[in-house]
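Geometric and topological summary
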Amino acid sequence: MSKKVPFTIKKIERCPECDAELVIRNGVHGPFYSCSSYPSCHYLRPLKAQVDGHIVKELGGQICPKCGNTLVLRQGRYGMFIGCGRYPECEYTELIDKPDDTSINCPQCQQGKLLQRKSRFGKTFYSCSRYPECQFALNNKPTSGECMFCHYPLLIEKRTSQGIRLFCASKLCSKQQFNEIEK
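Below you will find a few notes about this structure. Every value quoted in this text rests on a predicted model; they were computed, and no experiment measured them. (Residues numbered from 1 in each chain as written. Predicted model: local features only at pLDDT ≥ 70, side-chain atom pairs only at ≥ 80, totals over all residues. Heavy atoms only, no water.)

On the surface, V56, M80 and I96 cluster together into a nonpolar patch covering about 240 Å² of accessible area. Counting through the fold element by element, M80 comes out in strand β6 (residues 79-84). (Patch = residues over 30% accessible without salt bridge, like charges linked within 9 Å, V, L, I, M, F, W, Y side chains within 5 Å. Areas by Shrake-Rupley, 256 points an atom, 1.4 Å probe, with all protein chains shown as cover. Salt bridge = Lys/Arg side-chain N within 4 Å of Asp/Glu carboxyl O. Helix = DSSP H or I, 4+ residues; strand = E, 2+ residues; numbered from the N terminus.)

As structure tokens, then:
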């Protein structure tokens, strides 16, 4: 079953397998080319070519630590990233937005540091740097300090109608601290 696509093709293309006409069909992942003699021929191809991160800008002065070639800024399917200019041969990549180290010790394992991370939906959260071993995570920004009620070694910042306030990071306590942050 094909759905109508709101544009037309000016040039008729032929199937490389059976020489029938190629038509545009709509699928779950968007439009694609398909052979018009479908049951007998199963040829299909994406409408636009899939590119593994096309080059946006060449970063002069920065060299790849693996192969020594220049680094380039690329646009991939998950956003912008920095990668090697000789991509298929050298697969070096690095993130543009590296996680911020808060230099606050993890209150659960006492060994790792809390890092700022992003979820797959783009929301910021803070978790332990020793992640699979320690699964401590917070949704609010951590602040070093001790709770005045339960003496938990970590406080968090929350936005309230009165401004930014400090609260205990322990889920059992969660009480507001009397000192506030002025911003």
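On to the environment of C84, then. Assignment of secondary structure puts C84 in strand β6. A residue is classified by how much of its surface remains accessible, and C84, at 1% relative accessible area, is buried. Measuring from C-alpha to C-alpha, the distance between C84 and C67 comes to 8.4 Å, with 17 residues separating the pair along the chain. Aside from chain neighbours lying at most four places away, what touches C84 is C64, C67, N69, T70, L71, V72, R74, C90 and Y92. (Buried < 20%, exposed > 50% of the residue type's maximum accessible area, 1.4 Å probe, protein only. Contact = heavy atoms within 4.5 Å.)

This part covers the sheet that holds strand β2 (residues 30-35). Strand order in this open sheet of three strands is β1-β2-β3, and the pairing throughout is antiparallel. The two strands at the open ends of the sheet, each matched to only one other strand, are β1 (22-27) and β3 (44-46). Geometrically, the sheet is characterised by an average inter-axis angle of 35° between neighbouring strands, direction not taken into account. Examined bridge by bridge, β2 and β3 share three bridges and lie antiparallel to one another. Within the sheet, the bridge partner assigned to S34 lies in β3 and is L44. (Pairing = 2+ DSSP bridges. Axes fitted to C-alpha atoms, helices over the stretch in contact; angles between N-to-C directions.)

A few words on the nonpolar core. Judged by nonpolar contacts, the single largest core of 13 residues is most densely connected at C106, L114, C134, F136, L138 and L154. Within the residue set of this core, elements represented by two or more residues are β10 (124-128) and β13 (154-160). (Core = buried A, V, L, I, M, F, W, Y, C linked by side-chain atoms within 4.5 Å.)

What follows covers the pattern of salt bridges. Summed over the entire model, instances satisfying the criterion amount to one salt bridge. Close ionic contact of E13 with R45 constitutes a salt bridge, the shortest N to O distance being 2.8 Å. Of the two residues, E13 sits in the segment before β1 while R45 sits in strand β3, which places them 32 residues apart along the sequence. For E13, a relative accessible area of 21% translates into the label partly exposed. Residue class for R45 comes out partly exposed when judged on its relative accessible area of 27%.

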